[in-house]
Amino acid sequence: MKLITAIIKPFKLEEVREILFDIGIQGMTVTESKGFGRQKGHSELYRGAEYNANFLPKIKIDIAANDERVEEIIHVIQQAAFTGKMGDGKIFVLELLHVVRIRTGEVNDEAL
């Protein structure tokens, strides 16, 4: 079992959600976040004054998946979130050691 975490641009969320739903992924957690990578923020104008926005708005998506689905999920997220511009985001894959569905007590693969 793996935990797939994708950091994407906010306006790409609906497109990513739709393509994940199309391949049968129905469960995910979405979190609004802020951060930066190589782009290191940007300058903005506010009421005539320029200031640096060091942390850019991002969306973090977490999906728990069986090992067999991981590459497919990564591929469709990468397709849907791609703009070709700096700041498209990243996808991280972590090992899940144990999962429990609280309502039923199911564990691991059955809990996904």
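Above this note sits the structure.
Residues numbered from 1 in each chain as written. Predicted model: local features only at pLDDT ≥ 70, side-chain atom pairs only at ≥ 80, totals over all residues. Heavy atoms only, no water.

(A) Looking closely at the packing of helix H1 (residues 13–22) against helix H2 (residues 70–81). For the pair H1 and H2, the least separation of the axes is 9 Å and the interaxial angle reads 145°. The element H1 and its partner H2 pack so that their crossing is right-handed. Two secondary-structure elements touch here, H1 through Glu15, Val16, Ile19 and Leu20 and H2 through Ile73, Val76, Ile77, Gln79, Ala80 and Ala81. Residue classes in the contact of H1 with H2 are distributed as 8 nonpolar, 1 polar and 1 charged. (Axes fitted to C-alpha atoms, helices over the stretch in contact; angles between N-to-C directions. Helix = DSSP H or I, 4+ residues; strand = E, 2+ residues; numbered from the N terminus. Left-handed = near helix turned anticlockwise from the far one by under 90°. Contact = heavy atoms within 4.5 Å. Nonpolar A, V, L, I, M, F, W, Y, C, P; charged D, E, K, R; others polar.)

(B) Expanded view of the environment of Met86. Mapped onto the elements of the fold, Met86 is located in the loop between H2 and strand S6 (89–95). Distance from Met86 to Arg38, taken between C-alpha atoms, is 7.9 Å for residues 48 residues apart in sequence.

(C) Molecular detail of the nonpolar core. Grouped together as the largest cluster of nonpolar side chains are 17 residues, with contacts concentrated most on Ile8, Val16, Leu20, Ile61, Ile63, Ile73 and Ile77. Elements with a minimum of two residues in this core: strand S1 (2–8), H1, strand S5 (56–65) and H2. In terms of residues, this core owes the most to one element, H2, which gives 7 residues. Here Ile73 is in contact with Ile4, Leu20, Ile23, Ile25, Ile63 and Ala65, once residues within four sequence places are set aside. (Core = buried A, V, L, I, M, F, W, Y, C linked by side-chain atoms within 4.5 Å. Buried < 20%, exposed > 50% of the residue type's maximum accessible area, 1.4 Å probe, protein only.)

(D) Broad picture of the side chain of Lys9. Mapping Lys9 onto the fold places it in the loop between S1 and H1. A distance of 3.5 Å separates a polar side-chain atom of Lys9 from the backbone oxygen of Met86. Sequence-distant contacts of Lys9, defined by excluding residues within four places in its chain, comprise Lys58, Thr83, Lys85, Met86, Gly87 and Asp88. (Polar contact = N/O pair within 3.5 Å; in protein donor to acceptor, adjacent residues only side chain to side chain.)

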